[in-house]
Structures are given as C-alpha cells and as structure tokens.
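Commentary on secondary and tertiary structure
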Amino acid sequence: MNNKLGVIRIFMVCMLCSVLLSRPVIADEPTPSAQELEQSLAQASDANKGELLTALVEAYRDNNPTKSLEYGEQALIVFAQFPDAKRHATVLNNMAWTLVSMGDYERAQSMITQSKSLAQRNDDQRGIYVAMTMQGIVYWRTADYQSALKQFELAQEIAKQQNDTRGIANTTNYIAIIYQTLGQPKQALTYFQQAHELQLELGEQKSIAVSLNNIANIHGTSGNYSLALDFQLKSLKIREEINDIPGLAQILGNIGLTYFYLQDYDLALSYLQRSLGHYETLKDKLGIAETFTSLGGVHQRKQQYEAALHQYRSALEIAQQLEDPVLVSRVNIDIASAYIELNEPALAKEHAQPALQHITEMQVMPLQANALLVNAKIAKLENDFERAVHLTNRSLSVAQEVDDKRLTKEAYEFLYMLYKDKGDYQQALAYLEQFKTVNDEMFNAESDQRVAFLLSHFEAEKREQQIKLLQADQSLKQKEIAQQRYTRNVWIAALCALFAFVLLLVNRIHQSRINRSLNENIQSQRELIQAVAHEFRAPLARVQLAFDMLEDSFNQPNTQTLSHKINDGLSELEKLIKEALDFIQLDSKARTLHLSEVSLGNLLSRLLESHVDLYPQVEFDLSEKGKQPCIVQADALQLNRAVSNIVRNAARFAKSQVTITLINHASHYDIVVEDDGPGIPVAQRKRVVEPFVRLDLSRCRDSGGVGLGLALAKKICEAHNGTLSIGASSLGGAKLTIHCPKQHPASH
C-alpha cells in the first residue's frame, strides 16, 4: 500500500486551492461578501451585472462549486449581450477550475479553450497565463505529466515577463509537483524552496500555509514524519485563522497520514474523518476518494480488513467515475495489499497485475516501486521464489532511483524475509545489514534535521519575542496617546453640551415670547370677530323688522319681488354670521359636544335622501365595507353638519357622480366622499380647509358657498378627535376622508 503517494496526491489537491485565479487583495479596500454581492445583483441593471456575476463566481468557487457554475452560466449570457473580454475570460477560467475539482475534465477543457482564444484575440497576457496554467492542471490530473510540465513552464515565462511574483510562485509550485510525481524529489525540493521564498515575500497567509505544507510533504516522503508534522500543524493554524475550508480539508488529511506513519492510528482516524467531512461539504470527489483510501489504510493496519476493503472499494468507484488512471491504479494496489494480508493471492493478483501494467506505462516512478513490491509479495504467497526476488530487486532499483528511503528499507526487509524463509541465512543476513543501514540513515537524517529545525526554531522564537517587546512598547505608547485623545474629546464634548444647553435655553425663552405674542394676537382677533358678529346681528334685526313692515304696506308685485330679494340676502348674511360664530366657537373649543350613540350608516342614508332632490343632475351612491353597523359616540347634529358640508361640496363640483363609502377598520371608521369633478390641486389641499378660502374666485356665492363649509367640517372632525384628509379620487375628482376614532371624544 502506497500511502506515501496519498500524501503527494492530497498535497497536489491542496495546490489547486492556492491563489492562481484570485485577484490581489488590497488591505484598505473591504471585499464585499457573497450575500452583499447577491443583494447588489438583484438591483443592478443588465449592463452592470457582468462585474457582480464575475465576483460571485470567484466568491463561491472554493466553497460552493455548484453555485459558482450557476452564476458563471448567467455571466456568459450577460457577456454575450454586453461584451467584456477580461471578465469573460476570468469567468471561463474560474468555471474550468471548478469543473476540474469536480472531475469534469471534458467541460473544463472546453472552458479553457474558449478562455485562451478570447485572451489571445485581445492580447491579454494575464488571461493567456491563467489559461495555460489551467491547461497544465488538466494534463496533470489526466496523468499527461510531460504536457503538464510544458504548460506550466510556458505560463511561468509569461509571469516572469509581466513581473508577476504571485504567478511565478504558483507555476513554480506546479512544476515542483510534477517533478515529485515523476520521482525526482531533489529537483522538486529546489522548486518548492523557490516558491516558498516568493510566497514569504508576498506575505499572503494562504500561500504561506501552502508553502509550509510543501516542506512538510518533502520531509514526509523522506521518512522524517515528526518534522513533517511540525510544519503541518503550523499550516493548519494559518488555515483555521483564515477559514480556508479547502485548505483545511487537505491539511487535516495530511496530518492524518503523518500520524498513520507514526503508528498513532486513533489520531490518524480522527484527522482523516474531519478531512472527509470538509471534502463532502465541498463535493470534492477527488479529495473524498483520497481520504477513503487513507482511511482504508488505517483500518488495514488495525487489522479491520472488512472495513478497509469497504473504504478501498468506495475510493475505487469514485476514481473510475473521475476516469483518473493513476488513482484507479493506486487504489487497486491498496486493495491487493489487503488481500495479501488476508492470504488470498488470487484476489490480490486480480487487482495488482493490471495496476502494475498501467503504472509502468504512465511512468509514475514512486507508485511503480510500491506496485512492484506488492506483486513480489503475491509471488511469495504463490511460492514463486524467483519471481518474488526479481520483482523485489526491480522495486529496490526504482526506489533508489527516486530516493525513496521508506520503500528502499521495505524492499531490503522483504528480501531478508525471502532468503530467511528459503534458508539462505548468509544472504538474508546481508540484506538485514542493508536494512539496518538504511534505517539508521533515516534516523540520523531525521535527527540532524530535527536539530537544525530546533536551532532555526529557537532563532525564530528569539526574533519573535523581540518583535513582541517592540510591539508591546508601541502598544503602550498608543494607549497613552489614546488616553490623551479621550480626555481631550471629553472636554470638547462637555463644552459642546454646555453650548448646546445655553442655545436651547435662549431659544426656549425666545420661543416663549413669540408664543405669548401669537396667543395675544389670536385672542384679540377672536374678540374682534365676535364683537363684529354681535354688532351685525342687532342692525340686521332692525332692518329685517323694517322690511317686514314695508312688505305689509305695499301690495304691488314689483315691490313684493324686491322685498323677497332683500329678505333672502339678509337671511344669507345671517347664515354667514352664524357659521362664522360656530367656526370660532369650535376653534376655541367653546362649543359643548352633546354626545350620543350615532349609527353612521343611518346618518349617511338620511343625508343622501335629503340631497338627491337638491342636486338632480348628480347620481349619488352609498356603499359599506366591513362589519356593520358602525356606531360612534358623537354630537349627531355637528357630525351631520360636517358630512353634509363635504357632500354638498362634492355635489357642486361633480360632473355626474358622487360616491360615499363607509369603511369599518380595526381602530376607526372612514367616511370617504369622492366625485368625478375637476379635483383639488396638491398645492391647494391645505388651503381649501382654511376659512373664507375659495379656490375658484369666478364662482358666485350661490353656487360656491362662502368658504366656511370645509373649514367648519374640519373643526367638527377635530372636535371629535378625528381628522379630515384630502386626496385624489379614482373617479378623477377629489377624495375627502373623515377618520372617526372608535374611542369616545371628551365632551367639552
């Protein structure tokens, strides 16, 4: 079983979670969340949706691939109508990224081809770089390693021409992965170190976490598991701080494998299950398959063979769906290793031999060494000593070529066991010595690296402590400055509050004087109007009496007509004075309300009956809405007067129709009067309820009133704790609404 390659493959998945397609993040510029972008999208015009959809594709790319693809399809539709070459290419590359993570390489290839063509037409070097990198990833995932290496090197050249440090770091990492896959760890380490230095220069936490994992991976493949674990735990801490879900899935799986090699199987199982949970959330099929394989290895070491084979078969099913030949071959090797331990060589051979053939054709050297060793173990079970020795020697040769100390050690150990079982103890002893030598080399190398690591760690801790002391001193100074600023702000706030209080006090005194003056003016106006009204009534009465006497003394027709006109004019004048007195009394709350239960429906019915004959050219319509009857405590005479004034006003201006609607609401009743006349302009709606205001100055008093009807109606409504509002009617004219509260008004 080659779980070492599992570390490599999961690490390669991690590299897909680096910053290849992301745009630079500016520290002072807040990045909108996906939810904020979706809210903006709902309100954006079609021409502006392209930018928002592009941002949403990137926002959901790592955490919700399905949603990222949905927004990508919408963006492509928008770009077809409103072209934007750079964003169009960005969307295509991000969709390709998502499809690769889902194992849909055919659709991913289509997106990459479109993106590359679009970038080349517009001479977009950044777009060409990204398309080439994505093309390399597809080649890598489909086991075409030489083509992948060529694409990554071409992309790196473009990044160097553009002085794109981030792009150089990314492609350097990918080149290192290819060399590591091809079994060239020294060359891979050189590229990983170059990438790590570039990422430290950039200072991006996500990239640094990837670098730490790269270093851990190199130590893991050389058998330095404890040192690998130190770097992995540092990478895990960064990923948890930045909440990098894909990165967390990858690093948890790597830590689980490291504990597996350290033979702490319970911890290995715990970390691998956490990794599987993240991969299932992301719907990352490749990550799920890799984790199933690793879990199978843990169960196999715990001799839980049924559970191990179940995990291997689940991984194999996903690998076949993804059409990943390397992963299929590796899982078959793992299944064969389980059957070897169950002493079932026929079943083991059924999986191991085809896997070895495919791995040899693809030239995956680290995996080839393990496949040869597994087939050698099958030959031993079949008692084919010569074939077992031959396959083991081939495995040893490949392991030494790729500098895989662990597999080299295992090959020497197996050769020792073969010759020991055959009885050739001299040859067995020679291989045992070789096994011990490699084991000591691994131990010494790990010890040396551990000492170097501890020294480096000590120096780093020392520098970190110095930085912390400087930061503490700076923090103390900042606190002192903040305290001084706070004291200054408190004084400023206190002075501002005092100044505001003085201004408020002066304003209150000034306002009080103005109010007293206004009240005195209003009172004097009321007294003057009352006096004038009372003075009018006395002479009017005498004139009325004189004309009555004059009427009795003259019998001629003309004299009687004149007499009637004088009497009508005097009656109208008396009515005017009476309405003026009523308005003044209501305005000053000097009129007592005589409250009783009033049925609004009955009041309106009687009112319409009395107005039908007065306005024969107008059609009156009464309707009721809500629960009936509508009963209120009101002064029936005054309320009838208010509604009558409003209805007469509507009838005078209506062309042919007046509607009255009684509505029962939860807390009040509404009496709505509407007409199909010319309506009341918005600017004049406040003035029309003022006393003696008539909007149409050309009307005569006989048809237009004296200007007190609506003013009097408003005062009556307010006396009952109600309101009168004016608006536009759906009939085309005015709409006047009386709001009658259901609670009792105070009698005054």
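Residues numbered from 1 in each chain as written. Predicted model: local features only at pLDDT ≥ 70, side-chain atom pairs only at ≥ 80, totals over all residues. Heavy atoms only, no water.

**Observations concerning the confidence of the model for the protein chain**
With 80% of its residues at a pLDDT of at least 70, the protein chain reaches an overall mean of 80. A low-confidence stretch, residues 1-29 stays under pLDDT 50, and its non-local contacts, those more than four residues away or across chains, total 111 contacts. Here residues 451-457 is modelled with pLDDT under 50, and outside its nearest four sequence neighbours on either side it reaches five contacts, counting other chains as well. (pLDDT = per-residue confidence, 0-100. Contact = heavy atoms within 4.5 Å.)

**Regarding the sheet that holds strand S4 (residues 657-664)**
Ordered by their spatial adjacency, five strands build an open sheet running S2-S4-S5-S7-S6, and the pairing between neighbours is mixed. In the strand order of this sheet, the two ends are held by strand S2 (619-625) and strand S6 (723-728), each with one partner. Averaged over all neighbouring strand pairs, the angle between strand axes comes to 15 degrees, with direction disregarded. Here S4 runs beside strand S5 (residues 668-675); their pairing, made up of seven bridges, is antiparallel. For Ile663, the partnering residue across the bridge sits in S5 and is Asp670. Each of S2, S4 and S5 is contacted by helix H24 (residues 600-612), which is oriented at about 175 degrees to S2, the strand it contacts most. Relative to S6, helix H27 (residues 709-719) is tilted by about 130 degrees, and along the sheet it contacts S6 and strand S7 (734-741). (Pairing = 2+ DSSP bridges. Helix = DSSP H or I, 4+ residues; strand = E, 2+ residues; numbered from the N terminus. Axes fitted to C-alpha atoms, helices over the stretch in contact; angles between N-to-C directions.)

**Remarks on the pattern of salt bridges**
Pairing between side chains of opposite charge can happen when their charged atoms approach one another. On inspection of all chains with the given rule, the structure shows 15 salt bridges. A salt bridge links Lys349 to Glu382; the shortest N-O distance between them is 3.7 Å. Of this pair, Lys349 sits in helix H18 (residues 345-362) while Glu382 is found in the loop between helix H19 (365-381) and helix H20 (385-401), placing the two residues 33 residues apart along the sequence. Among the residues examined, Lys349 registers a relative accessible area of 30% and is labelled partly exposed. What you see here is one network of salt bridges that share partners, running through Glu51, Asp84 and Arg87. (Salt bridge = Lys/Arg side-chain N within 4 Å of Asp/Glu carboxyl O. Buried < 20%, exposed > 50% of the residue type's maximum accessible area, 1.4 Å probe, protein only.)

**Side note on the packing of helix H7 (residues 125-141) against helix H9 (residues 165-181)**
Running from amino to carboxyl end, H7 crosses H9 at an angle of 15 degrees, the nearest separation of the two axes being 12 Å. Relative to H9, H7 is oriented roughly parallel. Where H7 crosses over H9, the two elements pack in a sense that is left-handed. Between H7, through Tyr129, Thr133, Ile137 and Trp140, and H9, the contact on the second element is made entirely by Gly167, Asn170, Thr171, Tyr174, Ile177, Ile178 and Thr181. (Parallel < 35°, antiparallel > 145°, perpendicular 65-115°, else oblique. Left-handed = near helix turned anticlockwise from the far one by under 90°.)

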